[in-house]
Amino acid sequence: MVTLVDGAKAEAKSAGINLIVVDAGDDVAKQTNSIEDMISKKVQVLIVNPVDSDAVAPAVNDAIKAGIPVIAVDRAVNGANVTCTIASDNVQGAELATQYLVELVGKGSKVAELQGILGASATVDRGKGFHNVADKELKVVAQQTANFNRSEGLSVAENILQANGDIKGIFAHNDEMALGAIEAAASAKKNIVIVGFDATDDAIAAIKSGKMAATVAQKPGLMGQTAVQTAISILKKESIPAKIPVNVELVKKM
């Protein structure tokens, strides 16, 4: 998210436009209030990264009713006709990660899934990509949300490992949860293949050290940059696509 905002700020500065950035802190109510505040300030375009793809819809619809075009970034807004959605191909990324997990643990092996915030489109899409492969190639014995949070990833993974001592791998919907799972596996003295998503600096370091098997690299800076460029195109009354996909790639130790 920091990289996404940095990309947006750099593009806004380069283009000479005023970009107001507000952090919801993973709080749906706070994000709703922030959107309503932006509506009252009569912003010309609203760029939103939903905390919850469903819960943010009423506030987004208020913006649309006020004549403000809305761009969704990284996660979709369910139940609102936004002007454009800019996001990584989360389904494809999760499929790549899970295919690699199969290679490492072997077909039919028992694995677990650490899910992101329930309702977020990234959670839905990454879960879909995981199950597209895992339901055919692996045995998923546990799946539980850890809300994209490292400390929750640690506690949830500890519980999963206690209940399923013979699992071989874990797919986490983001790197923070994967890093928490690494701590849990180390405490339990278990050799678990762990794959994450996002390619954060900590995850890359964990891959280099051999503690984590792989992650999926998004391009958040490019997403932020593209969002501002798209906002400018909207202001210029230019035609833009309803969806702009941003490619992802698997990152593993070479």
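See the structure printed just above.
This report concerns the structure included in the present document. (Residues numbered from 1 in each chain as written. Predicted model: local features only at pLDDT ≥ 70, side-chain atom pairs only at ≥ 80, totals over all residues. Heavy atoms only, no water.)

### Some words on the nonpolar core
In globular proteins that are soluble, nonpolar side chains generally tend to be buried together.
Right, so step 1: Counting residues in each nonpolar core, the largest one holds 28 residues, and the members touching the most others are L114, I160, I167, I170, I192, I194 and M212.
Right, so step 2: Looking at this core, the elements with two or more residues in it are β4 (110–115), α6 (150–163), β6 (169–172), α7 (175–187) and α8 (201–208).
Right, so step 3: Filtering out sequence-adjacent residues up to four positions away, I160 remains in contact with A112, L114, A142, Q144 and I167.
Right, so step 4: In terms of nonpolar packing, the next biggest core, distinct from the first, is built from 19 residues, V111, F130, L138 and V195 among them. (Core = buried A, V, L, I, M, F, W, Y, C linked by side-chain atoms within 4.5 Å. Buried < 20%, exposed > 50% of the residue type's maximum accessible area, 1.4 Å probe, protein only. Helix = DSSP H or I, 4+ residues; strand = E, 2+ residues; numbered from the N terminus. Contact = heavy atoms within 4.5 Å.)

### A few points about the sheet that holds strand β9 (residues 243–246)
Right, so step 1: Taking strand neighbours across the sheet as the criterion, the four strands line up as β1-β2-β3-β9 in an open arrangement whose pairing is parallel. Edge strands, defined here as strands with exactly one partner in the open sheet, are β1 (46–48) and β9. Taking the axes of each pair of neighbouring strands and ignoring which way they run, one obtains an average angle of 15 degrees across the sheet.
Right, so step 2: Sheet topology note: the strand β3 (residues 84–88)/β9 ladder contains four bridges and is parallel. The residue of β9 that forms the bridge with T85 is K243.
Right, so step 3: The strands touched by helix α9 (residues 220–235) within the sheet are β1, β2 (70–73), β3 and β9, with β3 carrying the most contacts at an inclination of about 165 degrees. (Pairing = 2+ DSSP bridges. Axes fitted to C-alpha atoms, helices over the stretch in contact; angles between N-to-C directions.)

Structural measurements only, silent on function.
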